[in-house]
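Observations on the model geometry
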2 protein chains.
Amino acid sequence: MELQAALGEGNDARLAAVVAALQPADLAAFLSAEGRNDPALAEQLLAHLTLSERARAFGYLDATLQARVAARLSPTALARLLGKMDADERADLFKLVNEDVQEAALRQMAREEREDLRRLASYEEGTGGALMTSDYVAVPENLTVAAALQAVRSTAPDAETIYQVYIIDHEHRLQGTVSLRELILGLPDQPLDELMRTELVTGQVDTAQEEVARLISRYDLLALPILDADQRLVGIVTHDDAMDVAAEEATEDMHKAATIGKLHRGIGQSGLLELYRKRIVWLVLLVFANILSGFGIAHFEATIEAYIVLVFFLPLLVDSSGNAGSQAATLMVRGLATGDVQLRQWGRHFGRELLVAGALGLTMAAAVSILGVLRGGPDIAFVVATSMIAVVIMGSLIGMSLPFLLSRVGWDPATASAPLVTSIADAVGVVLYFSIATATLGLPGA
Amino acid sequence: MELQAALGEGNDARLAAVVAALQPADLAAFLSAEGRNDPALAEQLLAHLTLSERARAFGYLDATLQARVAARLSPTALARLLGKMDADERADLFKLVNEDVQEAALRQMAREEREDLRRLASYEEGTGGALMTSDYVAVPENLTVAAALQAVRSTAPDAETIYQVYIIDHEHRLQGTVSLRELILGLPDQPLDELMRTELVTGQVDTAQEEVARLISRYDLLALPILDADQRLVGIVTHDDAMDVAAEEATEDMHKAATIGKLHRGIGQSGLLELYRKRIVWLVLLVFANILSGFGIAHFEATIEAYIVLVFFLPLLVDSSGNAGSQAATLMVRGLATGDVQLRQWGRHFGRELLVAGALGLTMAAAVSILGVLRGGPDIAFVVATSMIAVVIMGSLIGMSLPFLLSRVGWDPATASAPLVTSIADAVGVVLYFSIATATLGLPGA
């Protein structure tokens, strides 16, 4: 990459030119890359940018790198940088540095800025309050279009988006919104009230961040206004942050589906100990779940000893049950997450699953019965085929129902991970299989 | 819900008021809900809206419902509706209706509009071309800020976003972009060249839609300009469409992780036959993969007959191997999808996985060895503990490597689904377990 080459040359003028030509996100990705992550290098390269570009690139850096660079800066330099950052990113960084740095930086700020920062940094992680920025454009009621446009112009350099304008009353309660497009197309002395929309989609400071992202996505919003408990406008969440949240939530759900706990950083940046911790919990829990299958098998030891060929089909049957179950669970978990499936529809989905799983079971029974005849004769084939139908239907219904059940008791439905469903389906499958076998084949000594 | 009540009353004035107060996305969701999905009802309710609101709500309807409503409209009414829809949604709808409806609607349109529609409808699904809209604001080079603002005002009613303005040369090649914010803050007779950004992030008509979404997310764009093979600007993809694509891709990856094929609609709307088809393929393929485990077991039948207690630990060991493997696979699949893990880093991640899996294996071996002593004595405990370490490490390394391998041969790494990894890890686990058992315990007859 060009930047790498310019760094190697040590030609400062060329380096400055290369850095200035990069997108801030790309420069930040270069600096945050694993194995690099060097605060001195970050400081050196960021120095080639103007203050506002530097603030922008800085906001894209990995959080720990941000904190390490911030710790190297003088309080004045840090306060200047914080002043140019978006209010939401500023609050995020503020939470990461130690108290001395916080205090030193706060002393350099204007009172209003300081209070805004303290307030933004006070909301709980994962809520609309923690996600929002206070850099929005709000204008009072009863303005004309021309006056509103003038207000937009005077706020524009600082606001994160000027394309949605929020109209507030004297107590800062949100009355309506108007887009910059509508303002530009309006007549200069037209009253704002005529243009503004009053059917508003809003979030609260304590709305969960995935719900904030869902609202922005569903209504195709540029930004979602966030209100406090008294319905006062306190911030907005912009579309780009919503997109990041949606990606983060999707990653979390995928990890959950494979029994991996929440990682704070990407897999590439996560420490080995953290990876171990996030993986071991469910692996050990599932060991105990799988002991159930073991007891199932132990209970049928006599049947197994009499018909050892049954063991050949064991992994095939229990895995099929688990696979069909994790398919059903995944469909429901994702359906519930996207709002495509409603909690009250359990009965309808149970019926549909029964039909689909029945068809799946029949197809797979046909596939394995040939193998059954070849390896064990017609009796074994009958046992294997019947068991296949039974275990696929049972596994599917368990997988499909578990997310609903977890939701009902207040758990995240994504906890119905493939391994959990597989473990439960396995234990049930073992019992079904050997029960059918014992009933059909009989026990030699019995 | 209020709309439901108003429908029941049959009071037309009240119905009109309720419909007008709804967000278009909510009205569309009501009409598209499963069990409703009635084109006559949709036509009736949409009639209460102004043409542009109707076009907006219509664009949110489920695709099949859109097509069914469109088929009921007269060619003139359809052409009027199409004329008010966003260009990208118009093209999507156009592809869904039959040729007679297409021809009738096309005849009602102006030549330019017709060509634009034909062109947009011609791009392959899943590309930047199919996703983009042609309703953007482009202005020629060498304008002043005032002239550019005037151009924006005259395009504003039709453009999907006016907040990014694209500057093109006489051959329609993209020269730069300027934001409406910069225009509003600029001096009226300042030349555009001074304001515009020339380091551009762009996509091509054949760029995959997930890459388009990734670019918009990475660079926090409002819209991504799309160029044709001659670098001419032909459209833009807006942030809201990118968010939809990202959600769609996440759903697809989650489904793939559970061996479910691509569904065209959500689970609630999908037909039973389609669900069957999308699930059966891998279930049957995996049956054959699981036969490998069966053969592994068959090979060790003598050992099993001699030490029947070994079967008790079988599900526990092979499931642990599969669970650790699907954790590792999921981490890599998601890491590769988000760009957090690079293909060339296989070696580094292999090393890291070896350390983490080693620690996981040791912990789990400790957990099962107690059970081993209780059920089979110290020899069995030794076999089970050693096997646990071996199968967890093997399963993890297989799970972690498979996504890289699939990527290298040009497959989607998400094909490394939990069930596939589990099946492979199971077969390897069976062989490892019984080999260790045979070596440690010996065979009675041998």
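Since the model is a prediction, treat every value here as computed from it, not as a measurement.

1. Quick word on the relation of the copies chain B and chain A
- Superposing chain B onto chain A takes a rotation of 180° combined with a translation of 0.0 Å along the rotation axis, leaving an RMSD of 0.1 Å. Taken together, these values place the two copies in the relation of a two-fold axis.
- Taken as a fraction of all interface residues of chain B, those also at the interface in chain A reach 100%, which identifies the copy contact as same-surface.

2. Description of the pairing of strand β1 (residues 137–140) of chain A
Residue and element names in this part refer to chain A.
- Residues Val137 and Val139 line the buried face of β1, whereas the alternating positions Ala138 and Pro140 sit on a face that is not buried.
- Pairing of β1 with strand β2 (residues 164–168), which is carried by 4 bridges, proceeds in the parallel orientation. Bridging from a neighbouring strand, Val137 pairs with Val165 of β2.
- For the crossover from β1 across helix α12 (residues 145–155) to β2, the handedness is right-handed.

3. Let's talk about the sheet that holds strand β3 (residues 174–179) of chain B
Residues and elements named next belong to chain B.
- In spatial order, the strands read β1-β2-β3; together these 3 strands make up an open sheet with mixed pairing. Each end of this open sheet is capped by a strand with a single partner; those strands are β1 (137–140) and β3. Ignoring which end each strand starts from, the neighbouring axes of this sheet average 30° apart.

4. Some words on the packing of helix α19 (residues 310–338) of chain B against helix α20 (residues 346–408) of chain B
Residue and element names in this part refer to chain B.
- Their axes nearest at 9 Å, the elements α19 and α20 cross at an angle of 20°. Our classification of the angle between α19 and α20 gives roughly parallel. You can see that α19 and α20 cross each other, and the crossing is right-handed.
- A per-class count over the contact of α19 with α20 returns 23 nonpolar, 11 polar and 2 charged.

5. Considering the packing of helix α19 (residues 310–338) of chain A against helix α21 (residues 418–441) of chain A
Residue and element names in this part refer to chain A.
- Relative orientation of the contacting elements α19 and α21 amounts to 135°, with a least axis distance of 8 Å. Relative to α21, the element α19 lies oblique. Every pair of crossing elements has a handedness; the one defined by α19 and α21 is right-handed. On α21, the residues that touch Leu310, Phe313, Leu314, Leu317, Val318, Ser321, Gly322, Gly325, Ser326 and Ala329 of α19 are Ala418, Val421, Thr422, Ala425, Asp426, Gly429, Val430, Tyr433, Phe434, Ala437 and Leu441.
- Class assignment of the residues belonging to the contact of α19 with α21 gives a composition of 14 nonpolar, 6 polar and 1 charged.

6. Quick notes on the UniProt feature "domain: CBS" (unreviewed entry) in chain A
Residue and element names in this part refer to chain A.
- UniProt marks residues 132–194 and 196–252 with the feature "domain: CBS" (unreviewed entry), using the numbering shown here.
- Helix makes up 32% of residues 132–194 and strand 24%, whereas the separation of the span's terminal C-alpha atoms amounts to 28 Å.
- The span residues 196–252 is 42% helix and 23% strand, and its two end C-alpha atoms sit 38 Å from each other.

7. Looking at helix α20 (residues 346–408) of chain A
Residues and elements named next belong to chain A.
- A rise of 1.5 Å per residue sets the reference length of α20, with its 63 residues, at 93 Å; its end C-alpha atoms lie only 11 Å apart and thus fall more than 12% short of the reference.
- Maximum bend of α20: about 140°, positioned at Gly376, with proline Pro378 one to four residues after it.
- Immediately beyond the C-terminal end of α20, within one or two residues, lies Gly410, with a positive phi of roughly 85°.

Analysis parameters
Residues numbered from 1 in each chain as written. Chains lettered and ligands numbered in written order. Predicted model: local features only at pLDDT ≥ 70, side-chain atom pairs only at ≥ 80, totals over all residues. Heavy atoms only, no water. Least-squares fit on C-alpha atoms with pLDDT ≥ 70 in both. Contact = heavy atoms within 4.5 Å. Buried < 20%, exposed > 50% of the residue type's maximum accessible area, 1.4 Å probe, protein only. Helix = DSSP H or I, 4+ residues; strand = E, 2+ residues; numbered from the N terminus. Pairing = 2+ DSSP bridges. Right-handed = clockwise from strand over helix to strand, strands pointing away. Axes fitted to C-alpha atoms, helices over the stretch in contact; angles between N-to-C directions. Parallel < 35°, antiparallel > 145°, perpendicular 65-115°, else oblique. Left-handed = near helix turned anticlockwise from the far one by under 90°. Nonpolar A, V, L, I, M, F, W, Y, C, P; charged D, E, K, R; others polar. UniProt positions renumbered as here; feature names shortened; annotations may be inferred. Expected span 1.5 Å × (residues − 1). Bend = angle between axes of the 7 residues up to and from the residue.

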